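Coordinate inspection notes
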Amino acid sequence: MVRSASKTGVLGPRPVAAFGVRAHLSLAELSRGSRALLFLATALAWCSTGAGLILPWVIMGTTAALTRREAVGGPVLWLSALALAAAGCQAGSGWLLARAGEEVVLRLRRRIIDHVMRLPLASLQAQGAGDITARITSDCSLVRAWAEAALVHLPVAALGTAATLTTMAWLDPTLTLLTLGAFAAAGVPLVGVIVRTRRAATAQQAALADLGQRLFATLAAFTPIKAYRHEAMAAERLGHTAARVSTTSTTAARLQSLMGPLVALGQQVAVVAVTVVASQQITAGELPSATFSAFFFLLLYLTSPITVAVLGIGQLRAGRAARARLTFLLGLMTEPAGPPQSSVRPAIATCQEAVSFQRVSFTYAGATPTLLNQSFIVPRTGLTALIGPSGAGKSTVFALISRFIEADEGCIRILGQDISAWRLPDLRRHIAYVDQNASVLEGTIRENLQMGRDRPIREQDLWETLETVGLREAVRQLPQTLDTHLGRGRDLSGGQRQRLVLARALLSDAVVFLLDEPTSQLDDAGEQRVMGALNHLAKTRAVVMATHRLSSVRHAHHTVVITPPALDGRNLSAPLPVGMECAEAGEERLQDRTSPAGVTAMRQTILEAGGAVRRRGRALCRPGQEAGSPPHVRPPPPPT
Ligand SMILES: Nc1ncnc2c1ncn2[C@@H]1O[C@H](COP(=O)(O)OP(=O)(O)OP(=O)(O)O)[C@@H](O)[C@H]1O
Ligand SMILES: [Mg+2]
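Below: a short report on this structure. Computed from a predicted structure; not experimentally measured. (Residues numbered from 1 in each chain as written. Chains lettered and ligands numbered in written order. Predicted model: local features only at pLDDT ≥ 70, side-chain atom pairs only at ≥ 80, totals over all residues. Heavy atoms only, no water.)

1. Looking at the overall build of the chain
Secondary structure summary: the chain contains 19 helices and 12 strands in total. The 640 residues of the chain split such that 46% are buried. Across the chain, every contact between residues at least 6 apart in sequence was considered, and the portion connecting residues at least 24 apart equals 79%. Carbon and sulfur atoms make up 60% of the accessible area of the chain, which totals about 30700 Å². (Helix = DSSP H or I, 4+ residues; strand = E, 2+ residues; numbered from the N terminus. Buried < 20%, exposed > 50% of the residue type's maximum accessible area, 1.4 Å probe, protein only. Contact = heavy atoms within 4.5 Å. Areas by Shrake-Rupley, 256 points an atom, 1.4 Å probe, with all protein chains shown as cover.)

Following this line, the structure appears as structure tokens:
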């Protein structure tokens, strides 16, 4: 059963089909913006063909003049000028067509990249980054070749063939019929070759995409591959995939290589047949030698447009396969942006709840339920610890709040508003999300900190925030400090990356902070410092932190326990007093998180720990900082 998001906030199971409006990628659409160039390229190609068709008449005149022993200076001059004009027009046409082709492929790539950026996370993961890369690179190039063949090569070749055959028929219908017969005989196997071209091209492109995907995934796991001496095995697996690319490419190349020779065969058969019959006609005085030389020139000339047409049909079929793959990609549904105009007016100043889950259930495709009937509330301000066994669904809860995925059932409210009523950009502007892997963008530190901000952040704010998370000194020591490029060759340590992504979140104007294990890679001093900053932030914002570390949990004001589906969403959430310290003995019980009994015990531990609280009398602050001098955190945005 398929149900969609309702106004009440009950989100039904997601749509089964992941397709949006079908993209057509028609020639008209692809050529929009480059039509003038394409028109000029076609016009020049026709001029070249026209010049080639006039040549036989000049040849006829020259031959006749030679027979009459007249001077041939003029006709030879004409011949040279026409040959030069034909070559010039062909070169000009090729250049303009290349420029138009580049424009077409650039627009197509931009459109696909834009579409891919708006895909839901699950679609991207299902499709595979390597596969998408292959589509954006090789498939787009094939579609460009397809568009060039369909818009220019084939029409010019068809017109050239028709004009040449008409001229030949006008010169000698019998020889023309002979020529057509010879080409038709060679054309029979050609039809079979062309039919198989598309299948071969489809297999070749699928194999290329598979290689791209496997390569991408293998290189992403390069460190463990080295650590476990898996290089040879990984190379062998990639080698198998590469061999499949090679096999399919060989089939495609074999078909491609048959096309030219089959046309040439037709031409040779035609040359032999025409020469034999024409010799008899010339001997019988039925065919003037000047007419024969013009006809023979046209016969040789005919091969060129026919070859272009046959290769063009091959490109057309290969391109159609690539177009089908791109159409599929463009047909994948993008993230629902929500209502066009924001109907949400969150009363940030007065709102009591930052996040509310009411009997929310979610199941990943093809899996058993991850969340079942989960209900909890995250208060508008304060530090909330999201705890639960590994695999319980904490990161999934964050993904639901950020609307990376949508709940199958239940109601989610963000800042008092139904999640489906939010416009996606508005929703995400109110949320700062630090993912569990502390993902850093390939780019400079400044670019990483600037993510999500429309206007440049003041240099002083950047440094103060880096100081807050304890990264200032490390960045100052980098050769280009804030402008150090991360990604290729230079990287931060795991803990430094965690501080960087935390600084990025602190620099945002968000109201709800979702931090997925933000201290998992920090040392004790680093954790204390970060927790101090989060505590200060929590005075005005809702800070939700998924964590397994008791030392972090004890800073929390509230807890939310994500329970396994076996517990059917039994509410284990509990408020915690500010600055509590858990009893040491409780720590062991926090580790037993894999069974329903373990989770119940964890909740008991937290409550007991709450009873053993020693109130500190002041908010936590970072080392060396007195209470009352808060860490650098941007002020909350004005209520909207
Ligand atoms: N993209 C996905 N597709 C299918 N199943 C997934 C996906 N992501 C997570 N899961 C499954 O959903 C369950 C919850 O995963 P999640 O990452 O939310 O757990 P978690 O509580 O954050 O765990 P941890 O504490 O280890 O980070 C797990 O059983 C996991 O295998
Ligand atoms: Mg997780």
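Now that the structure has been shown, the text picks up again.
2. Quick look at the pattern of salt bridges
Two side chains bearing opposite charge may form a pair once their charged atoms approach each other closely. For the structure on display, the rule yields 20 salt bridges. Across the salt bridge formed by D114 and R118, the nearest N and O atoms sit 3.5 Å from each other. Since its relative accessible area comes to 42%, D114 is described here as partly exposed. With relative accessibility at 40%, the residue R118 sits in the partly exposed group. Salt-bridge contacts for R476 lead to E473; the nearest nitrogen and oxygen are separated by 3.2 Å. (Salt bridge = Lys/Arg side-chain N within 4 Å of Asp/Glu carboxyl O.)

3. Details of the packing of helix α6 (residues 173–220) against helix α8 (residues 231–283)
The contact between α6 and α8 brings their axes to 8 Å, and the two run at 170 degrees. On the basis of the axis angle, α6 is roughly antiparallel to α8. Considered class by class, the residues forming the contact of α6 with α8 number 31 nonpolar, 12 polar and five charged. (Axes fitted to C-alpha atoms, helices over the stretch in contact; angles between N-to-C directions. Parallel < 35°, antiparallel > 145°, perpendicular 65-115°, else oblique. Nonpolar A, V, L, I, M, F, W, Y, C, P; charged D, E, K, R; others polar.)

4. Notes on the coordination of the magnesium ion (ligand 2)
Taken together, the protein ligands of the magnesium ion (ligand 2) are S395 (OG) and Q436 (OE1), with distances of 2.0 to 2.2 Å. On the criterion of sequence distance, the pair formed by S395 in helix α10 (residues 394–401) and Q436 in the loop between β6 (431–434) and β7 (443–444) is long-range, its members being 41 residues apart. Judged by relative accessible area, which is 28%, S395 ranks as partly exposed. (Donors = N, O, S within 2.8 Å, 3.2 Å for Na, K, Ca; no water.)

5. Looking at the site of ligand 1
Taken together, 14 residues are adjacent to ligand 1, and S390, K394, T396, Q436 and H548 come closest. In the environment of ligand 1, an oxygen atom lies 2.5 Å from a nitrogen or oxygen atom belonging to the side chain of T396. Here an oxygen atom of ligand 1 and a side-chain polar atom of Q436 are 2.8 Å apart. Per element, the largest residue contribution to the shell around ligand 1 is three residues, and it comes from α10. (Near = heavy atom within 4 Å. Polar contact = N/O pair within 3.5 Å; in protein donor to acceptor, adjacent residues only side chain to side chain.)

Functional significance is not addressed by these values, which are geometric in nature.
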